[in-house]
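As a plain string of letters, each chain reads:
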Amino acid sequence: DVFRSSELEHPLFKYAEEYHAIQEPGDLIFIPGGNPHAVRNLEDIHGMSMNFVDPSNYWLYLLTQVQGESYRAFELFTTEEFRQGLKTTQETVTLGQWT
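Residues numbered from 1 in each chain as written. Predicted model: local features only at pLDDT ≥ 70, side-chain atom pairs only at ≥ 80, totals over all residues. Heavy atoms only, no water.

### Section: the overall build of the protein
Helix and strand counts for the protein stand at three helices and zero strands. For the protein, the sequential pattern of α-helices and β-strands runs α-α-α. Classification of the 99 residues of the protein by burial places 7% in the buried group. Of the contacts made within the protein by residues no fewer than 6 positions apart, 49% connect residues no fewer than 24 positions apart. Carbon and sulfur atoms make up 53% of the accessible area of the protein, which amounts to about 9800 Å² in all. (Helix = DSSP H or I, 4+ residues; strand = E, 2+ residues; numbered from the N terminus. Buried < 20%, exposed > 50% of the residue type's maximum accessible area, 1.4 Å probe, protein only. Contact = heavy atoms within 4.5 Å. Areas by Shrake-Rupley, 256 points an atom, 1.4 Å probe, with all protein chains shown as cover.)

The structure is reproduced here in structure tokens:
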């Protein structure tokens, strides 16, 4: 149970930086690729989780595809058609603006 961790069982937990938040309807929480995380629901909910590729996890994604022998996925993300990085005109949007 990550919420009641024992220092004896997990001695490195004391070095972890911990963040706490309460997510309200319409809020989005971004967790960069490769970061362990846990969620505790305070109420019964309908939740949605997505994994996507962006500049923060691009190379990690490619590594996992090669390790899993998903060569087609690797090819799709290494062609000239796949643009890496953010646009200079990138703006913050809310959930309702892009769904």
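We are not done yet, so read on.
### Considerations on a nonpolar patch on the surface
Together, Val2, Phe3 and Phe13 give the surface a local cluster of nonpolar side chains, amounting to about 280 Å² of exposed area. Note on placement: valine 2 falls in the segment before α1 (58-67). (Patch = residues over 30% accessible without salt bridge, like charges linked within 9 Å, V, L, I, M, F, W, Y side chains within 5 Å. Salt bridge = Lys/Arg side-chain N within 4 Å of Asp/Glu carboxyl O.)

### Topic: α1
Residues of α1 that are buried include every one of Tyr58, Leu62 and Gln65, and no others. Across the axial projection of α1, the buried residues extend over an arc of 60 degrees, all falling on one side. Pointing more than 90 degrees away from the buried face of α1 are the exposed residues Trp59 and Gln67. Buried residues along α1 sit against α2 (71-76). Positive phi shows up at glutamate 69, right after α1, with a value of about 60 degrees. (Arc of directions from axis to C-beta.)

### A word on the packing of aromatic side chains
Working definition: an aromatic ring pair is given by the centre-to-centre distance plus the angle between the planes. Across all of its chains, the model carries two aromatic pairs by this definition. Ring plane angle 80 degrees and centroid distance 4.9 Å describe the contact between tyrosine 58 and tryptophan 59, whose orientation is recorded as edge-to-face. In this structure tryptophan 59 comes out as exposed when scored by relative accessible area, which is 63%. (Phe/Tyr/Trp six-rings, centres within 6.5 Å; stacked < 30°, edge-to-face > 60°.)

### Side note on the pattern of salt bridges
Under the defined criterion, the tally for this structure stands at two salt bridges. For the salt bridge of glutamate 7 with lysine 14, the shortest nitrogen-to-oxygen distance reads 3.7 Å. Among the residues examined, glutamate 7 registers a relative accessible area of 52% and is labelled exposed. When the shortest N-O distance is used, the salt bridge between glutamate 75 and arginine 72 registers 3.3 Å. With glutamate 75 and arginine 72 both in helix α2, this residue pair falls three residues apart, about one helical turn. Overall, the relative accessible area of 42% leaves glutamate 75 in the partly exposed class.

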